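Residues per chain, in single letters:
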Amino acid sequence: MSKDTHLAEVRSFYDSHPISLPQILEKLVRDGVDPQTLTEDTLQAYDQDHYSGVAANDALAELVGLAESDHVLDICCGLGGPARYLARHYGCRVTGVDLTASRIEGAETLTEMTGQADRVTFLCADAMNTPFPDAEFDVAVSQEAFCHIPDKDKLLQEAARVLKPGGRLAFTDIVATDATSAEKRQRLEREMAFAGLCTIPEYCQRLERAGLAVQKAIDLGEIWRDILIERLAMYRSLKDQTVERFGQAHFDNWDSAYAFFVDQYRTGGLSGARFLAIRR
Ligand SMILES: C[S@@+](CC[C@H](N)C(=O)[O-])C[C@H]1O[C@@H](n2cnc3c(N)ncnc32)[C@H](O)[C@@H]1O
């Protein structure tokens, strides 16, 4: 598959994702939250599209020793939940970048609503090729997104380029294991828009090659297994909204793809990891 075809598939995957701006706004209203007085403290229960919610943001912040003076890049920021959280709870400035225009539009709308647009800004771009100047950021973070990016070397070189020397990159991602067969990879690539999944040792090699000295690589597979079982149940609880928005066939396809994905965590076919690396 060409790179452009793959990027189009990623955009389409997130344009029809069960978590979206309209879905969040609907849920807020249903839960009796007044959109006029929305704060990050309330929104954080709705807008995090990664595993372990805001605790995972704190884990990354702790790993990089996040300071108020840091300018943070959130690579593949989605609807901006982690960016808003880090700005609100650590006082830093955050820039989010994401490939999918509907994610960036959602991120900007929600950030306006929480009154954080002065500290949190967004840009629509491919993480393998961003318009940021060299050495712009003190810290870069990312969660559950690099699994979609086909050229991990290019991605990590780009992250290294935009970080200052001594800058810190902390991210979590879905990783392959020795039990990830070619058939499983193909199905995950087709159904989940993944590309070029790496094992933990492969990630470490690629980080080093990109000029990022690996400090930590923590296996999260066991923790994620239970979280993902709950997440599948959460997506199933959104069935009515998903069917109404995208149709029954889309829900059925999503459900089968996500159930297969979660099953890989039960059988060791996939794992998860959190990395810290320092720009040389
Ligand atoms: C699972 S979501 C994670 C969103 C966010 N990190 C969070 O924790 O809420 C993955 C995001 O990666 C983005 N993405 C995938 N490939 C990308 C690329 N090549 N460049 C930039 N963003 C990309 C998708 O558009 C999607 O918003």
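Our structure is the block above this text.
Residues numbered from 1 in each chain as written. Predicted model: local features only at pLDDT ≥ 70, side-chain atom pairs only at ≥ 80, totals over all residues. Heavy atoms only, no water.

1. Some points on a negative patch on the surface
Negative charge collects at one region of the surface, where D15, E105, E108 and E112 lie side by side. With 3 residues, helix α6 (residues 101-113) is the largest single contributor of residues to the negative patch. The topology assignment puts E108 in helix α6. (Patch = residues over 30% accessible without salt bridge, like charges linked within 9 Å, V, L, I, M, F, W, Y side chains within 5 Å. Areas by Shrake-Rupley, 256 points an atom, 1.4 Å probe, with all protein chains shown as cover. Salt bridge = Lys/Arg side-chain N within 4 Å of Asp/Glu carboxyl O. Lys, Arg positive; Asp, Glu negative; His and termini not counted. Charge placed at Lys NZ, Arg CZ, Asp CG, Glu CD. Helix = DSSP H or I, 4+ residues; strand = E, 2+ residues; numbered from the N terminus.)

2. Quick notes on the sheet that holds strand β5 (residues 163-176)
Read across the sheet, 7 strands follow the order β3-β2-β1-β4-β5-β7-β6 without closing on themselves; strand pairing throughout is mixed. In this open sheet, the two edge strands, each paired with only one partner strand, are β3 (120-124) and β6 (212-219). Strand-to-strand twist in this sheet, taken as the mean axis angle between neighbours without regard to direction, amounts to 20°. As judged from the 3 bridges shared by strand β1 (residues 71-75) and strand β4 (residues 137-143), these two strands associate in the parallel manner. (Pairing = 2+ DSSP bridges. Axes fitted to C-alpha atoms, helices over the stretch in contact; angles between N-to-C directions.)

3. Quick notes on the site of the ligand
Neighbouring the ligand are 22 residues, the closest being D49, H50, D98, T100 and A127. The contact in question runs from an oxygen atom of the ligand to an N or O atom on the side chain of T100, over 2.7 Å. Calculation on the ligand without its partners gives an accessible area of 600 Å², and the protein chains cover 98% of this total. When each cavity is represented as a set of grid points, the ligand is found to reside in the largest cavity. Split into classes, the residues belonging to the shell around the ligand amount to 11 nonpolar, 6 polar and 5 charged. (Near = heavy atom within 4 Å. Polar contact = N/O pair within 3.5 Å; in protein donor to acceptor, adjacent residues only side chain to side chain. 1 Å grid on protein atoms, 1.4 Å probe; cavity = no way out; pocket = protein on both sides within 12 Å on 5 of 7 lines; lining within 4 Å. Sits in = over half its atoms within 2 Å of the grid points. Nonpolar A, V, L, I, M, F, W, Y, C, P; charged D, E, K, R; others polar.)

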